[in-house]
Amino acid sequence: MKKLILTAAICLAIAIGWGGLVFAQSAKEVQLSGTHYYGHSPKVFKLDQDQMIIQFETLGVRVNDSGEGLFHEASVHIVGIIYRGKDGTRLRGFETWTDKDGDKLVWEILEKETENPQPGTSPGTAKVLSGTGKYIGMLGTMDWIVRNPKPFPDGTGRGICKEKVKLLPPN
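Computed from a predicted model, the values in this text were never measured in an experiment.

Caption draft 1: Just the packing of aromatic side chains, in detail. The tally for this structure, following the rule as stated, stands at three aromatic pairs. Considering the side-chain rings of Phe 71 and Trp 97, the 5.1 Å spacing of their centres and the 65 degrees angle between planes classify their relative orientation as edge-to-face. In this pair, Phe 71 is assigned in the loop between strand S3 (52-64) and strand S4 (74-85) and Trp 97 in strand S5 (residues 88-98), connecting sequence segments 26 residues apart. According to the relative accessible area criterion, Phe 71 is buried, its value standing at 3%. For Trp 97, a relative accessible area of 0% gives the class buried. The structure contains a cluster of three or more aromatic residues connected by ring pairs, namely Phe 71, Trp 97, Trp 107 and Tyr 135.

What follows is the structure in structure tokens.
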């Protein structure tokens, strides 16, 4: 009987130790920096001389600065709306990253209100809204800044978005 209790206690200790190790490994924050490149054909709604609303959908690809890892060469799809007026710009949108396996991570994106942004740039933040497949339950934040090179042809847009990402994998 003592051997059975001793064996059970040892098994319990090992299970708790391994379980704690697995939990500690799964809770490690992942940090990524990368760039995504995209193009779009926005639809512009002029409200008056000084105000407009812009609806957009972008398609692109992102790469990690490291050249490998989570979401390297992921497809990017963004839908959103921008208000532009005398007092600045407001952007709200949703960004989806699709990895090589087809699993997705969905972000809610917001443009930051910045007093003197660099000309031709737009900074913002994002937080993970949801995920599919292996990303269900993932949490995360992102800081980004978009540069908008001169588009071609007229009526289209291009963007280069630099990102700093922090992800907390699901348990």
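Caption draft 2: Structural context of a nonpolar patch on the surface. On the surface, Val 79, Phe 94 and Leu 129 cluster together to form a nonpolar patch covering roughly 240 Å² of accessible area. Counting through the fold element by element, Val 79 comes out in strand S4. The exposure class of Val 79 is partly exposed, given its relative accessible area of 34%.

Caption draft 3: Focus on unusual backbone geometry. In this structure, Pro 153 follows Phe 152 across a cis peptide bond, with omega equal to 0 degrees. Tracing the backbone through its elements, the reader meets Pro 153 in the loop between strand S8 (139-147) and strand S9 (157-168). Phi is positive for Phe 71, close to 65 degrees, though the residue is something other than glycine. One non-glycine residue, Glu 73, adopts positive backbone phi at about 60 degrees. Its location among the elements puts Glu 73 in the loop between S3 and S4.

Caption draft 4: Structural view of the nonpolar core. Counting 24 residues, the largest nonpolar core has Phe 71, Leu 105, Trp 107, Trp 144 and Leu 167 as its most contacted members. For this core, the secondary structure elements donating two or more residues are strand S1 (30-40), S3, S4, S5, strand S6 (104-111), strand S7 (121-131), S8 and S9. In terms of residue count, S4 provides more of this core than any other element does, four residues in total. Setting aside anything within four residues of it in sequence, one finds Phe 71 in contact with Leu 32, Arg 62, Asn 64, Trp 97, Asp 99, Leu 105, Tyr 135 and Leu 167.

Caption draft 5: Fine view of the confidence of the model for the protein chain. Across the protein chain, pLDDT averages 85, with 81% of residues at or above 70. Confidence, expressed as mean pLDDT per element, reaches its minimum in the protein chain at helix H1 (residues 2-26) with 45 and its maximum at S3 with 96. A low-confidence stretch, residues 6-26 stays under pLDDT 50, and its non-local contacts, those more than four residues away or across chains, total four contacts.

Caption draft 6: Broad picture of the environment of Thr 132. With respect to the secondary-structure elements, Thr 132 resides in the loop between S7 and S8. Taking relative accessible area as the criterion, Thr 132 reaches 33% and is therefore assigned partly exposed. C-alpha of Thr 132 to C-alpha of Leu 105: the two residues are 27 residues apart in sequence and 6.6 Å apart in space. If we ignore the near neighbours within four places in the chain, the residues touching Thr 132 are Gly 102, Asp 103 and Lys 104.

Caption draft 7: Highlighting the pattern of salt bridges. All chains considered together, the criterion is met by eight salt bridges. The partner of Lys 162 in a salt bridge is Asp 65, and the shortest N-O contact between them spans 3.5 Å. Highlighted residues: Lys 162 in strand S9 and Asp 65 in the loop between S3 and S4, separated in sequence by 97 residues. Accessibility expressed as a relative area gives 46% for Asp 65, which makes it partly exposed. Lys 134 is paired through a salt bridge with Asp 103; the nearest N and O atoms lie 2.7 Å apart. Taken together, the residues Lys 134 in the loop between S7 and S8 and Asp 103 in the loop between S5 and S6 connect sequence positions 31 residues apart. Accessibility expressed as a relative area gives 40% for Lys 134, which makes it partly exposed. Here the residues in one salt-bridge network are Asp 99, Asp 101, Asp 103 and Lys 134, joined through shared partners.

So, how was this worked out
Residues numbered from 1 in each chain as written. Predicted model: local features only at pLDDT ≥ 70, side-chain atom pairs only at ≥ 80, totals over all residues. Heavy atoms only, no water. Phe/Tyr/Trp six-rings, centres within 6.5 Å; stacked < 30°, edge-to-face > 60°. Helix = DSSP H or I, 4+ residues; strand = E, 2+ residues; numbered from the N terminus. Buried < 20%, exposed > 50% of the residue type's maximum accessible area, 1.4 Å probe, protein only. Patch = residues over 30% accessible without salt bridge, like charges linked within 9 Å, V, L, I, M, F, W, Y side chains within 5 Å. Areas by Shrake-Rupley, 256 points an atom, 1.4 Å probe, with all protein chains shown as cover. Salt bridge = Lys/Arg side-chain N within 4 Å of Asp/Glu carboxyl O. Core = buried A, V, L, I, M, F, W, Y, C linked by side-chain atoms within 4.5 Å. Contact = heavy atoms within 4.5 Å. pLDDT = per-residue confidence, 0-100.

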